[in-house]
Amino acid sequence: MDTAAVGETRRWAMLLASTLAQAASATALHGPAFLIPVLVRRLGLSLAEAGLVSAAPVVGVMLTLVAWGLLVDRRGERLVLVTGLALTALACLAGTVLHGAVALSLALFLAGAAAASANAASGRVIAGWFPPHRRGLAMGIRQMAQPLGVGVAAVTMAVLAADHGIGAALWVPTAAAAAAAVLVAVVVVDPPRPSRRAVRADNPYHRDRYLGRVHGVSMLLVVPQFVVWTYTLVWLVDDRGWSPGAAGALVALTQVAGALGRIAVGHLSDRVGSRMRPLLWVARGAVLAMLALALTTGLGWGLAVAVLVVASVVTVADNGLAFTAVAERAGPFWSGRALGVQNTGQFLVAAMVPPLAGLAVVHAGYAVAFALAGAVAAAALPLVPVRAEERLT
């Protein structure tokens, strides 16, 4: 089936299915973080031990992203999505009946390892079915999946765990993954791949440093993103004197605003015919936003809260641009693996940011932590490969 044989309705239906698949993956990946209070209270774990249990799916994702990407390149997107989501549902289902921290950690690890399938495969569906002048917008919509999945987990899993136990809470990612697997099986069709003679099918990492530079930029820009994500709520409560409820409401608002920002930046990249120029603009914005946040926080200005909202939007806007650029440059025979490498690098950095930023907050304060995040983002600016970008085709 070629692109001409698929109408607009089917194409957007596949975008919806891919987005919901990624959202289900995000629920399984990030949802266990909302189980921490119950893990501490009911299982008698320390806060650090509960954190390790909740991190098990992240470890599973990091270890399997490239392998899933290779399978996408070899066997196709639909098979990977359906298989991965079904395995995610089974692993989460096992977690509903297992007892003890070790057994639960193993189930969550396997759920994360399976959920990693959606990262490369869902992006490839969009890159394969949408033309270049619509791809940035479509990928921006797909990038809404993460805040959507986190939001679903936040409003369901924490309450279910507190009222009915961990097993009840894990029915949320179980049901989400199972439903997404069925939807993908019904709606998604593998995008067409040209013959290897028609396009370049050699290793894109051997051609030039473009993909490596995009990976590096994304890894550096993860730092301000996760500093803001991790410490917004505690900063508002401890440093600004907000109530937890009010702080949580603002965090939810910034998630929605960040999702809309990804769509807007993706659409902008379609309009200007470039992913790297908007990526450079976003990176510069992240630097300015984090330095402004550091300054206003250090001076104790009330304006710092408004700057925080801006920083929350700007620091997540790069994800869709880089993801789309990697898929386009790697091509149909390497994009699965390249997207796996892209996400693996981001997850590795994301895992290191909270403890390191926490040390900075404890020893030097929030203003210094925000300034350091801005400095890391500034290091990404010369790496953005604007001149090496090829014309979108």
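Structure: above.
Residues numbered from 1 in each chain as written. Predicted model: local features only at pLDDT ≥ 70, side-chain atom pairs only at ≥ 80, totals over all residues. Heavy atoms only, no water.

Chemist: What is the right way to look at the overall build of the protein chain in this model?
Modeler: When helices and strands are counted, the protein chain shows 18 helices and zero strands. Relative to a compact globule of 393 residues, whose C-alpha radius of gyration would be 21 Å, the protein chain shows 20 Å and is just as compact. A principal-axis box enclosing the C-alpha atoms of the protein chain has dimensions of 60 × 50 × 35 Å. Evaluated residue by residue, the protein chain yields a buried proportion of 54% over its 393 residues. Summarising the internal contacts of the protein chain: among those between residues at least 6 apart in sequence, 83% fall at separations of at least 24. Summed over all atoms, the accessible surface of the protein chain reaches about 16,100 Å², with 69% contributed by carbon and sulfur. Side chains of the protein chain carry 28 positive and 16 negative charges; the gap between the two charge centres is 6 Å. (Helix = DSSP H or I, 4+ residues; strand = E, 2+ residues; numbered from the N terminus. Rg over C-alpha atoms; globule rule 2.2 N^0.38 Å. Buried < 20%, exposed > 50% of the residue type's maximum accessible area, 1.4 Å probe, protein only. Contact = heavy atoms within 4.5 Å. Areas by Shrake-Rupley, 256 points an atom, 1.4 Å probe, with all protein chains shown as cover. Lys, Arg positive; Asp, Glu negative; His and termini not counted. Charge placed at Lys NZ, Arg CZ, Asp CG, Glu CD.)

Chemist: What is the right way to read helix 14 (residues 276–298) from this model?
Modeler: Quick reminder: α-helices carry 3.6 residues per turn. Residues three or four places apart thus point the same way. Over its 23 residues, helix 14 runs 33 Å from end to end, which matches the ideal 33 Å to within 8%, given 1.5 Å per residue. Immediately beyond the C-terminal end of helix 14, within one or two residues, lies G300, with a positive phi of roughly 75 degrees. (Expected span 1.5 Å × (residues − 1).)

Chemist: Which parts of the structure should I look at to understand the packing of helix 12 (residues 210–239) against helix 14?
Modeler: Each pair of packed helices can be described by the angle between their axes along with the distance between the axes. The contact between helix 12 and helix 14 brings their axes to 11 Å, and the two run at 30 degrees. With respect to their mutual orientation, helix 12 and helix 14 come out roughly parallel. Crossing geometry of helix 12 relative to helix 14 is assigned as left-handed. Residues Y210, V214, V217, L221, P224, V228, W235 and D239 of helix 12 lie in contact with helix 14, whose contacting residues are M276, L279, A283, M290 and T297. Residues of the contact of helix 12 with helix 14, tallied by class, amount to 11 nonpolar, one polar and one charged. (Axes fitted to C-alpha atoms, helices over the stretch in contact; angles between N-to-C directions. Parallel < 35°, antiparallel > 145°, perpendicular 65-115°, else oblique. Left-handed = near helix turned anticlockwise from the far one by under 90°. Nonpolar A, V, L, I, M, F, W, Y, C, P; charged D, E, K, R; others polar.)

Chemist: Before we go on, may I ask you to explain the pattern of salt bridges in this structure?
Modeler: Any two side chains of opposite charge can pair, on the condition that their charged atoms come close. Under the criterion given, the structure shown has 10 salt bridges. Of the charged contacts, one joins R134 and E8 as a salt bridge, the two residues approaching to 3.3 Å between their closest N and O atoms. Of this pair, R134 sits in helix 7 (residues 132–142) while E8 sits in helix 1 (residues 8–30), and the two are 126 residues apart along the sequence. Relative accessible area serves as the criterion here: at 26%, R134 is assigned to the partly exposed category. Since its relative accessible area comes to 38%, E8 is described here as partly exposed. The closest approach of N and O atoms between E77 and R124, which form a salt bridge, is 2.9 Å. One end of the pair, E77, is in helix 4 (residues 77–97); the other, R124, is in helix 6 (residues 117–129), and 47 residues separate them in sequence. By the burial criterion, E77 is buried, and R124 matches it. Each of R135, D270, R275 and E328 takes part in salt bridges that share partners, so that together they form one network. (Salt bridge = Lys/Arg side-chain N within 4 Å of Asp/Glu carboxyl O.)

Chemist: What is the right way to read a nonpolar patch on the surface from this model?
Modeler: Residues L16, L20, L148 and V152 make up a contiguous nonpolar surface patch of about 310 Å² in total accessible area. Elements represented by at least two residues in the nonpolar patch include exactly helix 1 and helix 8 (145–164). Within the element layout of this structure, L148 appears in helix 8. Owing to a relative accessible area of 41%, L148 belongs among the partly exposed residues under this scheme. (Patch = residues over 30% accessible without salt bridge, like charges linked within 9 Å, V, L, I, M, F, W, Y side chains within 5 Å.)

Chemist: Hey, could you run me through the nonpolar core in this one?
Modeler: The nonpolar side chains of a soluble globular protein tend to be buried, and buried together. With 59 residues, the main nonpolar core has M14, L81, L85, V184, L221, M276 and L279 as its most contacted residues. Formed by 29 residues, the second largest nonpolar core is a distinct cluster that contains V305, A311, A350 and A357. (Core = buried A, V, L, I, M, F, W, Y, C linked by side-chain atoms within 4.5 Å.)

Chemist: Could you clarify how one ought to interpret the packing of aromatic side chains in this entry?
Modeler: For any pair of aromatic rings, the description consists of the separation of the ring centres together with the inter-plane angle of the planes. What the rule picks out here adds up to three aromatic pairs. With a centroid separation of 5.2 Å and an interplanar angle of 80 degrees, the aromatic rings of W12 and F130 are classed as edge-to-face. Placement of the pair is W12 in helix 1 and F130 in the loop between helix 6 and helix 7, with a sequence separation of 118 residues. Taking the relative accessible area as the measure of exposure, F130 reaches 2% and is therefore buried. Judged by centre distance (6.1 Å) and plane angle (35 degrees), the rings of Y366 and F370 are tilted. Note that Y366 and F370 are positioned in helix 18 (residues 366–380) at a spacing of four residues, about one turn of the helix. A relative accessible area of 12% means that Y366 is categorised as buried. In this structure an aromatic cluster arises from ring pairing among W235, Y366 and F370. The ring of Y210 has R329 lying over it, and the distance from NZ or CZ to the ring centre is 3.9 Å. One Lys or Arg, R337, reaches over the ring of W334 and ends 3.8 Å from the middle of that ring. (Phe/Tyr/Trp six-rings, centres within 6.5 Å; stacked < 30°, edge-to-face > 60°. Lys NZ or Arg CZ within 6 Å of the ring centre and 35° of its normal.)

Chemist: Help me understand the environment of T156, please; the structure alone is not making it clear to me.
Modeler: Mapped onto the elements, T156 comes out in helix 8. With 26 residues separating them in the primary sequence, T156 and F130 have C-alpha atoms 33 Å apart. A polar side-chain atom of T156 sits 2.6 Å from the main-chain carbonyl oxygen of V152. (Polar contact = N/O pair within 3.5 Å; in protein donor to acceptor, adjacent residues only side chain to side chain.)

Chemist: Please clarify how the side chain of T174 should be interpreted in this entry.
Modeler: Tracing the sequence through the fold places T174 in helix 10 (residues 171–187). There is a polar contact of 3.3 Å between the side chain of T174 and the backbone nitrogen of L93. What T174 contacts, discounting residues up to four positions off in sequence, is A89, C92, L93 and T96.

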